[in-house]
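Each chain, letter by letter, is given below.
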Amino acid sequence: MDFTLPESALAVQKGVGDICARYDMDYWQRCEADKRWPEEVWAELAKGGWLGLAVPEEFGGGGQGLLELAVATETLAASGAAGGSAFTYVLTPGFGALTLARHGNEQQRAELLPKLATGEIETCFALTEPDAGSNSLAITTSARRDGGDYVINGQKIWITGVQRATWMMLVTRTIPAAEARPRTNGMTVFLVNVPEAVAAGQLSFRPIPKMGANTTPSNMVFFDDLRVPASSAVGQIDQGAIVLWDILNPERILLAASALGGAEVALRVAVSYAKEREVFGRPIGSNQAIAFPLAQVKAKIELARLMLYKAAWSFDRQLPCGTEANIAKLTASQAAWEAADAAFQTHGGMAYSLEYPVARLLTDARIGKVAPVTEELLLNYLATQVLGLPRSF
């Protein structure tokens, strides 16, 4: 067993870290307050080739895998971006480049991967629906065959990054769930050109006001007789579940990496304040009531990191990684929340002041306990699929 990161991941850690070092905590505070995409960081990551890590070398990318993407996400988050950084690596390198590299057809790969590698185009992912929620198999957005095209109708919710996306990975039902046998059949993932669909009046969206992660808007999305060619399917028609799992596991792994970086930020902020703030003639960090919760957070961060790297390593080797991805997401999100809560308690009343980053770290950490999948469903997976306990439904 070797617990050291490979040279490729260490190079990513340094390269992304060098860029992030030029952007302090105040920069990320301003991006959140102004509800603004971190354009400057995005441009530098693109210029340095750090967005195309998962794109094969023949298409101008780094030829790396999910482990390197996870390290990049963690490094960015830990620099001060915290949980809001996740979308930088989830939306385009994760949803777009990684998925197309594994499942795209020859034309899709040749046309899109070089542009994804440079950040020239961006992607988003549309799965969740108002009535289906976390039950992905129950989605009702339908794709009906019409000659050489499919006509899509339905709606999605909490779709992040539509405003910037050139292409959307859209999950549809080409066979209704009630008719599919097994239920995982009849799902198809289509590539949708967002600007063209909007211009044609076939796709519209409405931003959802939200309490955090405002560097990227999340939206309600509506499809009205959206027409796409059959050739835009990613993977095989009716067999999109295979593609979907290869989207959802990386999503959980990258969001775990973001949560882990957010936990590091919160811990760093708390420790710094605990060293400097003096009450009753001594630093508050000398009190066990302050020190021990921070020490517990440190232990949980390190444990979550082990499972995060194992999950990404397994995915890159095409080994089963569902259990590892779920555990990584669960433990990293819990560590992030406990770190942010401990930072809040360490700062006391000053945590309410927006002059400090604690409020942003807290809201970033809280979303990780419910998105993209709730803690309860992660635990249910472990209980039923890993431990073999009886299902409750």
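Residues numbered from 1 in each chain as written. Predicted model: local features only at pLDDT ≥ 70, side-chain atom pairs only at ≥ 80, totals over all residues. Heavy atoms only, no water.

By the naming in an unreviewed UniProt entry, the chain goes by Acyl-CoA dehydrogenase family protein and is assigned to Nonomuraea mangrovi. For the record of the chain, the UniProt heading Cofactor (unreviewed entry) holds the text "FAD". The chain has a UniProt comment under Sequence similarities (unreviewed entry) that states "Belongs to the acyl-CoA dehydrogenase family." (UniProt positions renumbered as here; feature names shortened; annotations may be inferred.)

Undergrad: I keep staring at the pairing of strand β2 (residues 142–146) and nothing clicks. Help me out?
TA: Within a regular strand, side chains alternate between the sheet's two faces. In the sheet, β2 pairs with strand β3 (residues 149–160) via five bridges, with the strands oriented antiparallel. Along β3, the bridge assignment pairs arginine 145 with tyrosine 150. Here β2 folds back onto β3, and the loop between the two strands holds two residues, one of which, glycine 147, carries a positive phi near 65 degrees. (Pairing = 2+ DSSP bridges. Helix = DSSP H or I, 4+ residues; strand = E, 2+ residues; numbered from the N terminus.)

Undergrad: Sorry if this is basic, but what is going on with the UniProt feature "domain: Acyl-CoA dehydrogenase/oxidase C-terminal" (unreviewed entry) in the chain here?
TA: Listed under "domain: Acyl-CoA dehydrogenase/oxidase C-terminal" (unreviewed entry) in the UniProt record, and renumbered for this structure, are residues 239–386. Secondary structure content for residues 239–386 is 77% helix and 3% strand, while the C-alpha to C-alpha distance between its ends is 25 Å.

Undergrad: Is there a simple way to explain a nonpolar patch on the surface in this structure?
TA: A contiguous nonpolar patch, built from Met1, Phe3, Leu303 and Leu306 and spanning about 580 Å² of accessible area, is present on the exposed surface. Tracing the backbone shows leucine 303 in helix α9 (residues 288–316). (Patch = residues over 30% accessible without salt bridge, like charges linked within 9 Å, V, L, I, M, F, W, Y side chains within 5 Å. Areas by Shrake-Rupley, 256 points an atom, 1.4 Å probe, with all protein chains shown as cover. Salt bridge = Lys/Arg side-chain N within 4 Å of Asp/Glu carboxyl O.)

Undergrad: Is there a simple way to think about the packing of helix α8 (residues 240–276) against α9 in this case?
TA: Two measures define how a pair of helices packs: the angle their axes make with one another and the distance between the axes. One way to put it is that α8 packs onto α9 with a least axis distance of 10 Å and a crossing angle of 155 degrees. The angle between α8 and α9 falls in the class roughly antiparallel. Every pair of crossing elements has a handedness; the one defined by α8 and α9 is left-handed. Of α9, the residues touching α8 (which contributes Asp246, Pro250, Ile253, Ala256, Ala257, Leu260, Ala263, Glu264, Leu267, Ala270, Val271 and Ala274) are Ile290, Leu294, Val297, Lys298, Ile301, Glu302, Ala304, Arg305, Leu308, Ala311, Ala312 and Phe315. (Axes fitted to C-alpha atoms, helices over the stretch in contact; angles between N-to-C directions. Parallel < 35°, antiparallel > 145°, perpendicular 65-115°, else oblique. Left-handed = near helix turned anticlockwise from the far one by under 90°. Contact = heavy atoms within 4.5 Å.)

Undergrad: Before we go on, may I ask you to explain empty space enclosed by the protein in this structure?
TA: Over the atoms, a rolled probe matching the size of one water molecule traces out where space is still vacant. Taken as a whole, this structure holds three cavities of 30 Å³ or more when the rule is applied. Its volume calculated, the largest cavity comes out at about 50 Å³. Secondary structure elements with two or more residues in the lining of the largest cavity: α2 (25–33) and α11 (358–367). Classifying every residue of the lining of the largest cavity by side-chain character gives two nonpolar, two polar and three charged. (1 Å grid on protein atoms, 1.4 Å probe; cavity = no way out; pocket = protein on both sides within 12 Å on 5 of 7 lines; lining within 4 Å. Points joined across faces, edges and corners; volume = space filled by probe spheres on them. Nonpolar A, V, L, I, M, F, W, Y, C, P; charged D, E, K, R; others polar.)

Undergrad: How do you make sense of the UniProt feature "domain: Acyl-CoA dehydrogenase/oxidase N-terminal" (unreviewed entry) in the chain when you look at a structure like this?
TA: Residues annotated in UniProt with the feature "domain: Acyl-CoA dehydrogenase/oxidase N-terminal" (unreviewed entry) correspond here to residues 9–120. From the first C-alpha to the last, residues 9–120 spans 24 Å; its make-up is 69% helix and 0% strand.

Undergrad: Would you mind showing me how to read the packing of helix α4 (residues 66–81) against α8 here?
TA: Their axes nearest at 7 Å, the elements α4 and α8 cross at an angle of 30 degrees. Considered as vectors, α4 and α8 are oriented roughly parallel to each other. Crossing angle aside, the handedness with which α4 passes α8 is right-handed. Residues Leu66, Leu69, Ala70, Thr73, Glu74, Ala77, Ala78, Ser79 and Gly80 of α4 touch α8, and the partners they reach there are Pro250, Ile253, Leu254, Ala257, Ser258, Leu260, Gly261, Gly262, Glu264, Val265 and Arg268. For the contact of α4 with α8, the residue count by class is eleven nonpolar, six polar and three charged.

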